[in-house]
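This is what each chain is made of:
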Amino acid sequence: MRVDVSGLTVRYGDVTAVDDMSFSLSGNKIYGLLGRNGSGKTSLMSTLAGYRRPIGSVQLDGEPVFENAGAMRNVCLVRHTPDAADKGDKVAEALNFGKAWRDTWDDTYAHELVELFKIPLRTKVGELSLGQRSALGVVIGLASRSPLTMLDESHLGMDTPTRYAFYDTLLNDFMAHPRTIIISTHLIEELASLLEEVVIIDSGRLVLQEEADVLRSRGTEVTGSASDVDEFTAGLTVLGSKSLGRTKAAMVYGTLDDSQLIRARQLGLELGPIALQDLFVHLTEPVGGKR
Amino acid sequence: MKIFRQVTASLVAFSTIVAACVFAFVVVVTFVVSAFRGVEISAWNIVTSQIARWYLLWAGVYVIHNLLPIAVAHGRTRREFLVATSGFSVVLALAMTLVAWLGFLAEGGIYTLMDWRADEHGTPLAYFLMFLVWCTVGMFCAAAFDRFGAGGIFSVPLGLALVIVTTVRIPGSGNLPFIRNIPSLLGSGWHVMSVAAFLIALAGTWAIARDMPIRLRTS
C-alpha cells in the first residue's frame, strides 16, 4: 500500500507535533519510523490511521484516509497500549472485536500468536503485565493482516526473548503476507536488520528518508592504531570513538572518497559499517548548531 | 451492519441477563419485606423508573467512551459506528421496555397471588422514550467529555434538561421543576417532547463525535 503525506501538520493547542511534513512510501516494505521522544511519531501514525483529521493531505493508495471507509479498512495502528482492546474486556473478547469488525482478520493466526506469546485468554486486558499488553497489541496488529500495519513502540515492555520471538514472527509474517509495515522503535539496533527503509523525524519535521543500507553506508567505523586513526579522521565528522590500549575505533559520518579509501589502506586501517543507532543519534542531535 | 450486530447482540443480551437478575433479587426483597409489613408499592416500578434509566445512561457512555475507539482501531469510520449505535440505542430501549413490561406482568401475577397492592406505573411508550433518551444522553455526554476533556461539563446541564423531560410521564419519577402542571395539561402529547429530546441528544452526539480524535489511552 502506497502512502503519500503532503504538508501534514498536527497541533495540540499551542504545541506543533508535526510541522508541514511531506513524504511518500512506495509500500510493501518494512519501514522504520525513528525519532526521539516527542518528535511526532505517534501523532504522525495516528493521522495515517485516521485517528485524527489531518491538516494537509494523507492518502493511502491515492485515497484520503480520514473517515473514508474504503481506506480505513486497510489500516491498523497499534500504539503503546492496544487501542483495539478495552482494559475491562478479557483477551478473548478483545480478539472477538477483531474477528467481528475487521474483514481481513485472521482468527486462527491470532490464536497461534496468543499461544506463542503466552497471553492468557481469560484474563482481563487491564490485568495483563505491560509485556503481555504489548504482546496483545502485536497480536492485534499482525492478525489484522492490514495492507498498512503500524506498530508504534508496540514491543515496549516485552522481555528480550519475547522481543526476539516478535522479530522472527514479524519477519515470517511479512514474507508470507507482504504488506506495508511501519514500526517506530527506540531499540534501533535490535530491529535494524528487519528495516528496509528508514524515515527519521525530529521536532515534527522530516530529517531523512533513505534505504537502510544506503543510510548505513553514510557512516564508517575506522579502526587502527590511535595515531593513524587520529590522522585519518582529522577534518572529518567524528560521531564518537573508543580506545582499547593503542587501538582506537572512530565512527565517521559521510561517504569516503577514493583518495580517503586509498589513504586508509596505506595506514592499515580497518573500515567497517556503522551502527544505524549511532547514525540516528547524530542525525537527531544538533552538533555545533548543525545536523 | 457488523458493528450494529456485534454491539446489539452483546449489550442487549448482557442487559437482559442483568435485568433478570435484578428482577429475581427484587422479588426476594419483596418477600422479605412482606414478613415485616404489608406490601403497598411495586418494587419493580422503583427499579424501572429510578434505577434502569441510570443503567441506560451507562450503556450510552460505554458505547462512545469504550467502543468507539475500538471500532476506529479496527478500521471502522466514526460515521459507520454512529449509524450503528443510533440504531442500537433504539433496539436497547425497546428490549429494556419489553423486559420492564414482562417484569410488571410477572410481578402483577405474584402480587395477585399474595394479595398485595401495587402502585401505578407508566405506559410502555413512556418507558421506551425514557430509556431511549437516557441512553442517547449518555452517548452525548461521553462524546463531549472525550472530545473536550473537562469542557465536557457544559454538556451536563443540557443532558439533564433532556432526561428530565422523559421522566414526567413515569409515576414515581418526580415532577418537573417550575412547570409542574404543563405535562398534565398536554397529556400524551408530552411524548413529543421526549422524541425531541432524543433527536437533540442524537444530533449533539453526531456533531461532537463524527470527527473526534481518538486519543492515546494512558492506562
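The rules behind each value
- Residues numbered from 1 in each chain as written.
- Chains lettered and ligands numbered in written order.
- Predicted model: local features only at pLDDT ≥ 70, side-chain atom pairs only at ≥ 80, totals over all residues.
- Heavy atoms only, no water.
- Helix = DSSP H or I, 4+ residues; strand = E, 2+ residues; numbered from the N terminus.
- Buried < 20%, exposed > 50% of the residue type's maximum accessible area, 1.4 Å probe, protein only.
- Contact = heavy atoms within 4.5 Å.
- UniProt positions renumbered as here; feature names shortened; annotations may be inferred.
- Pairing = 2+ DSSP bridges.
- Buried area = accessible area lost by both parts, 1.4 Å probe.
- Salt bridge = Lys/Arg side-chain N within 4 Å of Asp/Glu carboxyl O.
- Polar contact = N/O pair within 3.5 Å; in protein donor to acceptor, adjacent residues only side chain to side chain.
- 1 Å grid on protein atoms, 1.4 Å probe; cavity = no way out; pocket = protein on both sides within 12 Å on 5 of 7 lines; lining within 4 Å.
- Points joined across faces, edges and corners; volume = space filled by probe spheres on them.
- Arc of directions from axis to C-beta.
- Axes fitted to C-alpha atoms, helices over the stretch in contact; angles between N-to-C directions.
- pLDDT = per-residue confidence, 0-100.
- Phe/Tyr/Trp six-rings, centres within 6.5 Å; stacked < 30°, edge-to-face > 60°.
- Domains from an automatic or database assignment.
- Parallel < 35°, antiparallel > 145°, perpendicular 65-115°, else oblique.
- Left-handed = near helix turned anticlockwise from the far one by under 90°.
- Nonpolar A, V, L, I, M, F, W, Y, C, P; charged D, E, K, R; others polar.

1. Details of the overall build of chain B
Alright, step 1. For chain B, the helix and strand inventory stands at 7 helices and 0 strands.
Alright, step 2. Listing each helix as α and each strand as β along chain B from the N terminus yields α-α-α-α-α-α-α.
Alright, step 3. For chain B, buried positions account for 50% of its 219 residues.
Alright, step 4. Looking at chain B alone, contacts between residues at least 24 apart form 80% of all its contacts between residues at least 6 apart.

2. Digging into the side chain of T166 of chain B
Residues and elements named next belong to chain B.
Alright, step 1. Tracing the backbone through its elements, the reader meets T166 in helix 5 (residues 155-167).
Alright, step 2. Judged by relative accessible area, which is 3%, T166 ranks as buried.
Alright, step 3. With residues near it in sequence (within four places) discarded, T166 still touches L129, M130, V133, W134 and S194.

3. Some words on the UniProt feature "transmembrane region" (unreviewed entry) in chain B
Residues and elements named next belong to chain B.
Alright, step 1. Following the UniProt record, one finds the feature "transmembrane region" (unreviewed entry) at residues 12-35, 55-74, 81-105, 125-145, 152-170 and 190-209.
Alright, step 2. The span residues 81-105 carries 100% helix and 0% strand; its end-to-end C-alpha distance comes to 35 Å.
Alright, step 3. As a span, residues 125-145 carries 100% helix and 0% strand, and end to end its C-alpha atoms are 30 Å apart.

4. Concerning the pairing of strand 9 (residues 197-202) of chain A
All names here are of chain A.
Alright, step 1. With 6 of 6 residues buried, strand 9 is to be regarded as a mostly interior element.
Alright, step 2. Covered by surrounding structure in strand 9 are E197, V199 and I201 together with V198, I200 and D202, the residues of both alternating faces.
Alright, step 3. Judged from the 4 bridges that link them, strand 3 (residues 30-34) and strand 9 form a sheet pairing that is parallel. When the sheet's bridge partners are listed, Y31 is paired in strand 9 with E197.
Alright, step 4. Of the pairings in the sheet, the one linking strand 9 to strand 10 (residues 205-211) comprises 6 bridges and is antiparallel in character. Paired with V199 across the bridge in strand 10 is Q209.
Alright, step 5. Hairpin connection, strand 9 to strand 10: the antiparallel pair is bridged by 2 residues, and S203 has positive phi, about 50°.

5. Concerning the interface of chain B and chain A
Alright, step 1. With 29 residues of chain B in contact, the opposing surface of chain A contributes 30 residues.
Alright, step 2. Between chain B and chain A, a total of about 2700 Å² is buried, with carbon and sulfur atoms accounting for 49% of that surface.
Alright, step 3. Summed over the shared surface of chain B and chain A, the number is 5 salt bridges.
Alright, step 4. E67 of chain A is paired through a salt bridge with R78 of chain B; the nearest N and O atoms lie 2.9 Å apart.
Alright, step 5. Where chain B packs against chain A, one counts 13 residue pairs in polar contact (both at pLDDT 80 or more).
Alright, step 6. Residue assignment for the side of chain B that touches chain A shows that the elements contributing at least two residues are helix 1 (2-34), helix 2 (43-73) and helix 3 (78-114) of chain B.

6. Observations regarding the layout of surface pockets
Alright, step 1. The calculated volume of the second largest pocket comes to roughly 350 Å³.
Alright, step 2. As for the second largest pocket, its lining consists of 14 residues, and the residues nearest its centre are D89 and E93 of chain A together with S10, L11 and Y62 of chain B.
Alright, step 3. Of all the secondary-structure elements, those providing two or more residues to the lining of the second largest pocket are helix 3 (91-101) of chain A together with helix 1 and helix 2 of chain B.
Alright, step 4. For the lining of the second largest pocket, the element with the most residues is helix 1 of chain B, which contributes 5 residues.

7. Brief notes about helix 9 (residues 226-233) of chain A
Residues and elements named next belong to chain A.
Alright, step 1. Along helix 9, the residues classified as buried are V229, F232 and T233. Angularly, the buried residues of helix 9 cover 90° about the axis, an arc narrow enough to put them on a single face.
Alright, step 2. Taken together, the buried residues of helix 9 touch strand 11 (219-225), strand 12 (237-244), strand 13 (247-253) and helix 10 (258-267).
Alright, step 3. Following helix 9 by one or two positions, G235 has its phi on the positive side, about 90°.

8. Considerations on the sheet that holds strand 4 (residues 55-60) of chain A
All names here are of chain A.
Alright, step 1. In spatial order, the strands read 2-1-4-5; together these 4 strands make up an open sheet with antiparallel pairing. Looking along the sheet, the strands with just one partner apiece sit at the ends: strand 2 (15-25) and strand 5 (63-64).
Alright, step 2. Relative to strand 4, strand 1 (residues 3-12) is paired through 5 bridges, and the arrangement is antiparallel. Among the inter-strand pairings, S6 is bridged to a residue of strand 4, identified as S57.
Alright, step 3. Against the sheet, helix 1 (residues 41-48) engages strand 1, strand 2 and strand 4, with an angle of about 120° to strand 1.

9. Re the confidence of the model for chain B
Alright, step 1. This prediction gives chain B a mean pLDDT of 87; 89% of its residues lie at or above 70.
Alright, step 2. Taken element by element, the predicted model of chain B shows its lowest mean pLDDT in helix 6 (residues 182-186) of chain B (59) and its highest in helix 4 (residues 124-148) of chain B (94).

10. A few points about the packing of aromatic side chains
Residue and element names in this part refer to chain A.
Alright, step 1. Within the structure shown, the criterion is met by 12 aromatic pairs over all chains.
Alright, step 2. For the pair F97 and W101, a centre-to-centre distance of 5.0 Å together with 50° between the ring planes defines the contact as tilted. Of this pair, F97 and W101 both sit in helix 3, 4 residues apart, which is roughly one turn of that helix.
Alright, step 3. Given a relative accessible area of 0%, W101 falls into the buried group.

11. Re the domain arrangement of chain A
Alright, step 1. Annotation of chain A at the domain level lists domain 1 (3-214) and domain 2 (219-273).
Alright, step 2. The centre of domain 1 of chain A, based on its C-alpha atoms, is set 38 Å off from the matching centre of domain 2 of chain A.

12. Some points on the packing of helix 1 of chain B against helix 2 of chain B
Residues and elements named next belong to chain B.
Alright, step 1. Here helix 1 crosses helix 2 at 155°, and the two axes come no closer than 11 Å. Relative to helix 2, the element helix 1 is oriented roughly antiparallel. In terms of crossing hand, the pair formed by helix 1 and helix 2 is right-handed. Mapping the contact onto sequence places V7, L11, F14, S15, A19, V22, F23, V26 and T30 in helix 1 and A43, W44, V47, Y55, W58, Y62, V63 and L67 in helix 2.
Alright, step 2. Residues belonging to the contact of helix 1 with helix 2 are distributed by class as follows: 15 nonpolar, 2 polar and no charged.

13. Some remarks on the sheet that holds strand 8 (residues 180-184) of chain A
Strand pairing in a sheet takes place through backbone hydrogen bonds and is either antiparallel or parallel in direction.
Residue and element names in this part refer to chain A.
Alright, step 1. The 6 strands are arranged 6-7-8-3-9-10 in an open sheet whose pairing can be described as mixed. Edge positions in the sheet fall to strand 6 (75-78) and strand 10, since each of these pairs with one other strand and no more. In this sheet, neighbouring strand axes are inclined to one another by 15° on average, regardless of whether the strands run parallel or antiparallel.
Alright, step 2. Where helix 5 (residues 130-143) meets the sheet, its contacts fall on strand 6 and strand 7 (148-152), and the angle it forms with strand 6 comes to roughly 170°.

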